[in-house]
Amino acid sequence: MNCVPISLGDRSYEMQIGSGILKEMLGDITDRAMFVVDDKVMPLLGDKITVGSGQGLLTMFASEMNKTMPSVEKIWDAMLDAGLDRSSSLVAIGGGIVGDVGGFAAATYMRGVPLIQVPTTLLAMVDASIGGKTGVNTKRSRNDGTAILGKNLAGAFWQPKKVIADVQMLQSLDTRQLRCGLAECVKHAMLGNAELLTFIETNASAILACDLEVLERLVFQSASIKAKVVSRDEREGGERALLNLGHTFAHAMEPMPELGLLHGEAVSIGLVAAASCSEALGMVSDGFVDRIRALLAKLGLPIRMQAELPALDFISMMQFDKKNQDGQMRLVLPEGECGATISSNVDLATITLALRSVGAS
Ligand code: GLY
């Protein structure tokens, strides 16, 4: 088993990563608790989960449309019905949506109860479960007035007490979902870890075949990168914003129903768009965008949108990004061989060019 420390003073915690560790680790949770479980994961848990006295279980249909306040209220109600008080824990078992919604319910139930994150998707293991970001989507509208989701626009920082990642769970994960997690791993590698970039390039087939040893190393390396950034900048005052590489573009694409993109797929296209911006601005060497494109394609991730939508539609959405300050759009852009920087003065022509390079009109 591997352990990744997240060092945040009195809010420090550890992420345990292993293969076949879930039954024992869930069995150790004997205090009063509410288990919030993704309904697709529930049948896979079998005897790994036992709900004891003073504990409750609620399953959740995990979709972006469902990542809203009514889902949080359902969790609060279930906790009240189970008689859980402020000393009880919430255990979120599932992908990023369950972790974010469950995490926000934990942050707010009786003004905050302990949270244990049990990510079961690669994306949640390497990203969503670490660092305490919790939240829900809000309602927004597009330029033409149609309803659309505002991604993660309401939420709270609420660090878990522990994160438990069992890579065996990835063997029953839908390949499309596995690929989504790989987009976040590539993102972490692009943030300054050339070794991880090479590891993913070399082991792409073993990763997609769900080789447990390779997956454990991948999760450990990728989670370690995120843990270090979070430990240095918990509240995204600076460096942590770099973890949003590709996400300003992705958050604009993901809610567009015509594109049918999952979060990690949108991130994959967003990484290409961000790298294209850097290329246009002379911030990366020739061949960098092609290397990233080739790697994402090798992993089976999209590198272009399948429907042609106006670049301006995406730009309007990008103006609501949480990183923006004083009305100025701030983009995370790759820089040098393996690194990134936050740029607040990218002109609209360059952003439009980058969006067109991934299929916008
Ligand atoms: N997923 C980006 C962050 O946790 O900061």
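Placed above this text is the structure.
Residues numbered from 1 in each chain as written. Predicted model: local features only at pLDDT ≥ 70, side-chain atom pairs only at ≥ 80, totals over all residues. Heavy atoms only, no water.

Draft legend 1. How the structure looks around the environment of Ala-124. Here Ala-124 shows up in helix 5 (residues 122–128). Given a relative accessible area of 3%, Ala-124 falls into the buried group. Non-local contacts of Ala-124, meaning those with residues more than four positions away in its chain, are made with Gly-94, Gly-95, Gly-96, Pro-119 and Ser-129. (Helix = DSSP H or I, 4+ residues; strand = E, 2+ residues; numbered from the N terminus. Buried < 20%, exposed > 50% of the residue type's maximum accessible area, 1.4 Å probe, protein only. Contact = heavy atoms within 4.5 Å.)

Draft legend 2. Highlighting the pairing of strand 10 (residues 331–334). Here strand 10 shows two buried faces, one formed by Leu-331 and Leu-333 and the other by Val-332 and Pro-334. Following strand 10, the chain reverses through 5 residues before pairing antiparallel with strand 11 (residues 340–343); Gly-336 in that reversal takes a positive phi of roughly 70 degrees. (Pairing = 2+ DSSP bridges.)

Draft legend 3. Seen up close, the pattern of salt bridges. One pass over the full model with this rule turns up 15 salt bridges. The residue Arg-11 makes a salt bridge to Asp-10 at a minimum N-O spacing of 3.3 Å. The class of Asp-10 is exposed, set by a relative accessible area of 71%. For Lys-133, the salt bridge is made with Glu-236, and the minimal N-O distance between the two is 2.4 Å. Of the two residues, Lys-133 sits in strand 7 (residues 133–141) while Glu-236 sits in the loop between helix 8 (212–232) and helix 9 (247–253), which places them 103 residues apart along the sequence. Since its relative accessible area comes to 32%, Lys-133 is described here as partly exposed. Relative accessible area serves as the criterion here: at 23%, Glu-236 is assigned to the partly exposed category. (Salt bridge = Lys/Arg side-chain N within 4 Å of Asp/Glu carboxyl O.)

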